[in-house]
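# Report on the structure
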Amino acid sequence: MAGTNSSIKIELQPSPVVILCEPQLGENIGTAARAMANFGLWELRLVRPRDGWPNEKAIAAAKKADHVMNNATVFETLEEAVKDLTLVYATTARMRGIQKDVIGPDEAGRRMASHIGGGQKAGLLFGREKWGLLNEEVALADMIVTLPVEPAFASLNIAQAVLILAYEWRRQSGQAETLPFGSLLHEVAPRSELVGLFEQLEGTLDESGFFTSLDKRPTVIDNLRTALTRGNFSSQEIRTLRGVISSIDRRHQRPNPKRLKPAPKTD
């Protein structure tokens with residue numbers, strides 16, 4: 001979905017920190033940053049990114065998520081990256097031999113919303129593209145978060161995982177209750193305008209000889225009115241339809257500029 005509006009000022013509200021442990025590709029960092037920006041997360045921490053930092057490929061992939069990229073910080077160890085956090089969730093798609101509670105993304109979102117709402121800091125820890133997190137890294141987390149994926153195909157791209165967790169955070173924190181824009185549907189036209197459309201259409205059909213059987217006319221009229229009523233047309237739509245009917249009704253009164261003219265005779 002395209003829809004970035006640079007005229008709207010971004011306010012950096014309290015939100016979960018995203019920690020990428022030894023990310024290998026700049027493109028994955030950038031797309032993760034873009035996913036964060038989509039749902040209001042802005043604090044990105046990188047632990048020993050393989051290709052160094054800053055990374056041009058990451059910047060290109062972020063697609064103008066500048067506030068996330070500009071705030072990104074690099075750490076040499078995971079311990080340093082999480083030292084100021086009071087709640088950390090490790091994300092993984094496989095079972096670990098570690099005694100930790102396992103929760104889903106919705107529960108993680110609820111707990112982080114409550115935790116951050118109380119003035120505390122929380123973080124989401126994501127592992128490497130190829131093999132995820134090490135057990136000693138998971139051990140630093142309070143709980144494990146996993147997604148309800150197909151067990152036989154559980155691996156997600158980092159940006160996909162970040163997007164899902166960021167969405168759940170926004171939803172559970174109450175920030176998703178209002179959509180960025182509402183319906184642009186016009187009010188339904190008053191019934192008198194719809195009746196006028198019926199009468200014009202039926203008069204045109206009578207004049208054109210559409211009704212070949214007078215016995216069937218009432219049934220056809222009922223079906224037409226029922227179909228048109230389901231349209232819930234606005235006043236503008238009814239005016240457009242009536243204009244179309246009028247144009248068809250007057251077609252024999254004006255020349256058709258697209259009609260082929262006879263070729264001139266030659267001696």
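This text follows the structure it describes.
Residues numbered from 1 in each chain as written. Predicted model: local features only at pLDDT ≥ 70, side-chain atom pairs only at ≥ 80, totals over all residues. Heavy atoms only, no water.

### Focus: unusual backbone geometry
The linkage connecting Trp53 with the following residue, Pro54, adopts the cis geometry, with an omega of 5 degrees. Inspection of the secondary structure puts Pro54 in the loop between strand S2 (44–47) and helix H2 (56–61). Phi at Lys63 takes a positive value of approximately 55 degrees, unusual for a residue other than glycine. By secondary structure assignment, the location of Lys63 is in the loop between H2 and helix H3 (66–71). On the accessibility criterion, Lys63 (52% relative accessible area) is exposed. (Helix = DSSP H or I, 4+ residues; strand = E, 2+ residues; numbered from the N terminus. Buried < 20%, exposed > 50% of the residue type's maximum accessible area, 1.4 Å probe, protein only.)

### Overview of the packing of aromatic side chains
Using the criterion set out here, one finds 2 aromatic pairs in the structure. Judged by centre distance (5.6 Å) and plane angle (75 degrees), the rings of Phe39 and Tyr167 are edge-to-face. Separated by 128 residues along the polypeptide, Phe39 in the loop between helix H1 (26–38) and S2 and Tyr167 in helix H7 (residues 158–172) bring together distant segments of the chain. Summarising the aromatic geometry, the rings of Phe210 and Phe211 are spaced 5.3 Å apart at their centres and angled 85 degrees between planes, so their arrangement reads as edge-to-face. Taking relative accessible area as the criterion, Phe210 reaches 48% and is therefore assigned partly exposed. Note on Phe211: relative accessible area 13%, which makes it buried. (Phe/Tyr/Trp six-rings, centres within 6.5 Å; stacked < 30°, edge-to-face > 60°.)

### A look at the nonpolar core
Note that soluble globular proteins tend to have their nonpolar side chains buried in a common cluster. In this structure, Val18, Leu20, Leu44, Tyr89, Phe126 and Val162 are the most contacted members of the largest nonpolar core, which totals 35 residues. The dominant element in this core, judged by the number of residues it contributes, is H7, at 6 residues. For Val162, the residues in contact, after removing those within four places along its chain, are Val18, Ala32, Ala35, Met36 and Phe126. Counting 17 residues, the second largest nonpolar core, distinct from the first, contains Val47, Leu78, Leu125 and Leu133. (Core = buried A, V, L, I, M, F, W, Y, C linked by side-chain atoms within 4.5 Å. Contact = heavy atoms within 4.5 Å.)

### Focus on the sheet that holds strand S4 (residues 87–91)
The strand order across the open sheet formed by 7 strands is S3-S2-S1-S6-S4-S7-S5, and the pairing between neighbours is parallel. Edge strands, defined here as strands with exactly one partner in the open sheet, are strand S3 (73–75) and strand S5 (102–103). Alignment of S5 against strand S7 (residues 143–145), held across 2 bridges, turns out to be parallel. Opposite Val102, over in S7, you have Ile144 as the bridge partner. (Pairing = 2+ DSSP bridges.)

### A closer look at the pairing of strand S6 (residues 122–126)
For a regular strand, the rule is simple: side chains alternate between the two faces of the sheet. Here S6 lies mainly inside the structure; 5 of its 5 residues are buried. Across 4 bridges, strand S1 (residues 17–21) lies against S6 in parallel orientation. The residue of S6 that forms the bridge with Val18 is Leu124. Both S4 and S6 contribute to a ladder of 4 bridges, which runs parallel. Bridging from a neighbouring strand, Val88 pairs with Gly123 of S6.

### Observations regarding helix H5 (residues 105–117)
With 13 residues, H5 should cover 18 Å at 1.5 Å per step; its first-to-last C-alpha distance of 18 Å lies within 8% of that length. If you check which residues of H5 are buried, you get Pro105, Ala108, Gly109, Met112, Ala113, His115 and Ile116. Taken together, the buried residues of H5 touch S4, S5, S6, S7 and H7. (Expected span 1.5 Å × (residues − 1).)

### A few points about the environment of Phe198
Position of Phe198 among the secondary structure elements: in helix H8 (residues 191–208). What makes Phe198 buried here is its relative accessible area of 6%. Linking Phe198 and Arg225, residues 27 residues apart in sequence, is a C-alpha distance of 6.7 Å. Here Phe198 is in contact with Arg225, Leu228 and Thr229, once residues within four sequence places are set aside.

### Quick word on the pattern of salt bridges
Pairing is possible between side chains of opposite charge, provided their charged atoms come close. All told, the structure shown has 13 salt bridges when counted by the stated rule. One salt bridge in this structure joins Glu107 and Arg111, with 2.7 Å as the shortest N-O distance. Of the two residues, Glu107 and Arg111 both sit in helix H5, 4 residues apart, roughly one turn of that helix. Among the residues examined, Arg111 registers a relative accessible area of 33% and is labelled partly exposed. One salt bridge connects Glu168 with Arg171, and the closest N-O pair in it is separated by 2.9 Å. Residue Glu168 and its partner Arg171 are located together in helix H7, separated by 3 residues, close to a single helical turn. For Glu168, a relative accessible area of 11% translates into the label buried. (Salt bridge = Lys/Arg side-chain N within 4 Å of Asp/Glu carboxyl O.)

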